[in-house]
Amino acid sequence: MLKADPILASLHSFLTQPKLARLPRVLGVACSGGADSVALLRAAVEVAPALGWRVAALHCDHGLRREAKRDADFVRELCQKLGVPLHPFASRVGR
């Protein structure tokens, strides 16, 4: 599994570094709803728990795009499906 997928292998290598051995082990993944952050969140859910890490998602609505609510809804639904706690917040940049 890990050798066949370079993303999973990289994440595994990162999370097993000795300097990250302190507790609590919570991996916060910033998830915009785009393909790259969704892939990272899915990889984290696949790799991190087996290494003793909890995964949490973070989503920020900067209020800059009309699609922001749709993105936030998508991330919320994805986190529910994956069983990942979501910590959404809104910035005042575009408001």
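The rules we used
Residues numbered from 1 in each chain as written. Predicted model: local features only at pLDDT ≥ 70, side-chain atom pairs only at ≥ 80, totals over all residues. Heavy atoms only, no water. Axes fitted to C-alpha atoms, helices over the stretch in contact; angles between N-to-C directions. Helix = DSSP H or I, 4+ residues; strand = E, 2+ residues; numbered from the N terminus. Parallel < 35°, antiparallel > 145°, perpendicular 65-115°, else oblique. Left-handed = near helix turned anticlockwise from the far one by under 90°. Contact = heavy atoms within 4.5 Å. Nonpolar A, V, L, I, M, F, W, Y, C, P; charged D, E, K, R; others polar.

Helix 2 (residues 35–47) packs onto helix 1 (residues 6–15) with a crossing angle of 60° between their chain directions and a minimal axis gap of 10 Å. As judged from the angle between their axes, helix 1 and helix 2 are oblique. Viewed along their axes, helix 1 and helix 2 form a crossing whose handedness is right-handed. Taken together, the residues of helix 2 that come into contact with helix 1 (itself represented by I7, L8, L11, H12 and L15) are A43, A44, E46 and V47. Considering only residue class, the contact of helix 1 with helix 2 consists of 7 nonpolar, 1 polar and 1 charged.

Next up on the list: the packing of helix 2 against helix 3 (residues 68–82). For the pair helix 2 and helix 3, interaxial distance at closest approach is 12 Å and the crossing angle is 15°. If you check the angle between helix 2 and helix 3, you find them roughly parallel. Relative to helix 3, the crossing made by helix 2 is right-handed. Along its contact with helix 2, which presents V38, L41, R42 and V45, the element helix 3 presents F74, L78, C79 and L82. Looking at the contact of helix 2 with helix 3, its residues break down into 7 nonpolar, no polar and 1 charged.

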